[in-house]
Amino acid sequence: DTGVSQNPRHKITKRGQNVTFRCDPISEHNRLYWYRQTLGQGPEFLTYFQNEAQLEKSRLLSDRFSAERPKGSFSTLEIQRTEQGDSAMYLCASSLGGIETQYFGPGTRLLVL
Amino acid sequence: TQLLEQSPQFLSIQEGENLTVYCNSSSVFSSLQWYRQEPGEGPVLLVTVVTGGEVKKLKRLTFQFGDARKDSSLHITAAQPGDTGLYLCAPFSGNTGKLIFGQGTTLQVKP
């Protein structure tokens, strides 16, 4: 299966700890998006990359959040000093370009205790 | 800022019933996408509607884009338990590609 993969699938951490999630997009997809989804809500856009360049960041992405895509392939999303309000599903999606269909990964579910 | 409203927020029906869910906005969309998300998974694209008044069918699902391109509906005929999930609509911007989702309609189809 060459779909979008995300690791880990689940993460439980204590408040104040740092966490890092990884997204492996579909091969050759140059666009990569991160979204956050809380229970009963639709996903909210966080940021996106065109190859290795981060082109837009939502105001939802506080200073504690950082995303990278160093070689234009996989991406990481790091949350520093986690807070209980960070508990959510973090979704990654990729596409061939801006006008192309986005394919979502299964998400990483984060629980901050 | 574009305000997108989906209704109803939650729907629980018996297998075999028909249903319609709605996606409304005060803004005009250039195009709109519908997704279904099953528990523990990411959303999966169902359809993209582009032209005002357009109707698209996907087996038992019928999607309609409003004439003014401000609203859309999804009708499911003879719902099945496999239709259970979160139905999301999102205007599609070809410039950035980023999706701004509505809050979704959670559908539960009981056998």
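Everything here concerns the structure above.
Summarised in this report is the structure supplied together with it. None of the values given here were measured: they were computed from a predicted structure.

### A short note on the overall build of chain B
Helix and strand counts for chain B stand at 0 helices and 10 strands. Starting at the N terminus and ending at the C terminus, chain B contains elements arranged as β-β-β-β-β-β-β-β-β-β. Counting across all 111 residues of chain B, residues that qualify as buried make up 45%. Once local pairs closer than 6 in sequence are excluded, the contacts in chain B between residues at least 24 apart make up 52%. Counting only carbon and sulfur atoms, one obtains 49% of the accessible surface of chain B, whose full area is about 5300 Å². In chain B, the 9 positive side-chain charges and the 9 negative ones have mean positions that sit 5 Å from each other.

### Describing a nonpolar patch on the surface
Where nonpolar side chains cluster on the molecular surface, the patch consists of Ile12, Leu111 and Leu113 of chain A and spans about 300 Å² of accessible area. Among the structural elements, Ile12 of chain A can be located in strand β2 (residues 10-13).

### A word on the state of the cysteines
Counted according to the given criterion, the structure contains 2 disulfides over all chains. Between the sulfur of Cys23 of chain A and that of Cys92 of chain A lies a disulfide, 1.8 Å long from S to S. Of note, the bridge from Cys23 of chain A to Cys92 of chain A carries an S-S torsion of about -65 degrees and is left-handed in sense. Residue Cys23 of chain A is located in strand β3 (residues 19-24), and its partner Cys92 of chain A is located in strand β9 (residues 88-95); the two are separated by 69 residues in the primary sequence. Accessibility expressed as a relative area gives 0% for Cys23 of chain A, which makes it buried. Disulfide pairing places Cys23 of chain B opposite Cys89 of chain B at an S-S distance of 2.0 Å. One disulfide, between Cys23 of chain B and Cys89 of chain B, carries an S-S torsion of 80 degrees and so falls in the right-handed class. Of this pair, Cys23 of chain B sits in strand β3 (residues 19-25) while Cys89 of chain B sits in strand β9 (residues 85-91), placing them 66 residues apart in sequence. With respect to burial, Cys23 of chain B and Cys89 of chain B carry one shared label: buried.

Each value, and the rule that gives it
Residues numbered from 1 in each chain as written. Chains lettered and ligands numbered in written order. Predicted model: local features only at pLDDT ≥ 70, side-chain atom pairs only at ≥ 80, totals over all residues. Heavy atoms only, no water. Helix = DSSP H or I, 4+ residues; strand = E, 2+ residues; numbered from the N terminus. Buried < 20%, exposed > 50% of the residue type's maximum accessible area, 1.4 Å probe, protein only. Contact = heavy atoms within 4.5 Å. Areas by Shrake-Rupley, 256 points an atom, 1.4 Å probe, with all protein chains shown as cover. Lys, Arg positive; Asp, Glu negative; His and termini not counted. Charge placed at Lys NZ, Arg CZ, Asp CG, Glu CD. Patch = residues over 30% accessible without salt bridge, like charges linked within 9 Å, V, L, I, M, F, W, Y side chains within 5 Å. Salt bridge = Lys/Arg side-chain N within 4 Å of Asp/Glu carboxyl O. Disulfide = S-S within 2.5 Å.

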